[in-house]
Amino acid sequence: QVQLVESGGGLVQPGGSLRLSCAASGRIYSIYAMGWYRQAPGKQRELVATITRSGSTNYADPVKGRFTISRDNAKNTVYLQMNSLKPEDTAVYYCNANVQHSIVLQTTNYWGQGTQVTVSS
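Report on the accompanying structure. (Residues numbered from 1 in each chain as written. Predicted model: local features only at pLDDT ≥ 70, side-chain atom pairs only at ≥ 80, totals over all residues. Heavy atoms only, no water.)

## As for the overall build of the protein
As a reminder of what qualifies: A run of DSSP states H or I qualifies as a helix once it reaches four residues; a run of E qualifies as a strand once it reaches two. Both are numbered from the N-terminal end. When we talk radius of gyration, it's over C-alpha atoms, and the globule rule is simply 2.2 Å times the number of residues to the 0.38. Relative accessibility under 20% of the residue-type maximum defines a buried residue, over 50% an exposed one, and the middle range a partly exposed one, all with a 1.4 Å probe and only protein chains included. Working definition of accessibility: Shrake-Rupley area with a 1.4 Å probe, residue cover restricted to the visible protein chains. Neither His nor the chain ends is counted toward charge; the positive residues are Lys and Arg and the negative residues Asp and Glu. A charge is said to be at NZ when it belongs to Lys, at CZ for Arg, at CG for Asp and at CD for Glu.
Secondary structure summary: the protein contains zero helices and eleven strands in total. Along the protein, from the amino end to the carboxyl end, the secondary structure elements read β-β-β-β-β-β-β-β-β-β-β. Against the 2.2 N^0.38 benchmark of 14 Å for 121 residues, the protein shows a C-alpha radius of gyration of 14 Å, consistent with a compact globule. Referenced to the eigenvectors of the C-alpha coordinate spread, the extents of the protein come out at roughly 50 × 25 × 25 Å. The buried share among the 121 residues of the protein stands at 40%. Carbon and sulfur atoms make up 48% of the accessible area of the protein, which amounts to about 6,300 Å² in all. Of the side chains in the protein, 11 bear a positive and 6 a negative charge, and the two mean positions are spaced by 6 Å.

Rendered as C-alpha cells:
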C-alpha cells in the first residue's frame, strides 16, 4: 500500500559526505515518525535517527554532530545528511515510516529496500 524508495547511497572516502533521500508513495493520509536505520555485515539493524512530523529529532550517539535528519511533509520525503563519514558508518541504510492510510486513526510501519553506504579509502 505504501512504497519507500531510498536513494543517495554510494562509495565515499573517510571524511566525506553523502545525502540520503527516501520518498514515500501510495495510500498516504499522514506520516507520523520517519527515520533511518542501518545494518552492517554481521550486526543487528540499529537506529540512526528519527524525526516526528513536527520536526523533533533523535540521534544515535555515534552519529550525533555529524548526521542531520530532515523531512519535507509536502513531498512525503525524509533526508539524512551525513558528514565527516567514518569507515564504521559503512552499512545498508534503511528508511522507516509510520503511515496513517485514512482518517481512521490507525498506522502501519513500512521499510524501504535499503541503500548501501560504503566509507573507504
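## Quick look at the nonpolar core
Applicable threshold: Think of a nonpolar core as a cluster: buried Ala, Val, Leu, Ile, Met, Phe, Trp, Tyr and Cys residues, connected wherever their side-chain atoms sit within 4.5 Å. Only heavy atoms enter the contact rule, under which two residues are in contact if any of them lie within 4.5 Å.
Counting residues in each nonpolar core, the largest one holds 31 residues, and the members touching the most others are Trp-36, Leu-80, Met-82 and Tyr-93. When contributions to this core are tallied by element, the ones reaching two or more residues are strand E1 (2-7), strand E3 (18-26), strand E4 (30-39), strand E5 (46-51), strand E7 (67-72), strand E8 (77-82), strand E9 (91-100) and strand E11 (115-119). Top contributing element to this core by residue count: E9, with five residues. The contact partners of Met-82, leaving out residues within four places of it in the chain, are Gly-16, Ser-17, Leu-18, Leu-20, Arg-66, Phe-67, Tyr-93 and Val-117.

## Section: the sheet that holds E8
Keep this limit in mind: Strand pairing follows a simple DSSP-based rule, namely that at least 2 bridges must link the two strands. Axes here mean lines fitted to C-alpha atoms, for a helix over just the part in contact, with angles spanning 0 to 180 degrees between N-to-C directions.
Across the sheet, which stays open at both edges, the four strands sit in the order E1-E3-E8-E7 with antiparallel pairing between neighbours. Only two strands of the sheet have a single neighbouring strand rather than two, namely E1 and E7. Strand after strand, the sheet turns through a mean of 15° between neighbouring axes, direction not considered.

## Points about the side chain of His-101
What counts here: Side-chain atoms alone can form a polar contact between residues adjacent in sequence; in general such a contact is a pair of N or O atoms within 3.5 Å, and within protein one must be able to donate a hydrogen while the other accepts it.
Checked against the element boundaries, His-101 lands in the loop between E9 and strand E10 (107-111). Only 2.7 Å separates the side chain of His-101 from the backbone oxygen of Arg-27, close enough to count as a polar contact. In contact with His-101, other than residues within four places in its own chain, are Gln-1, Val-2, Arg-27, Ile-28, Tyr-29, Gln-106, Thr-108 and Tyr-110.

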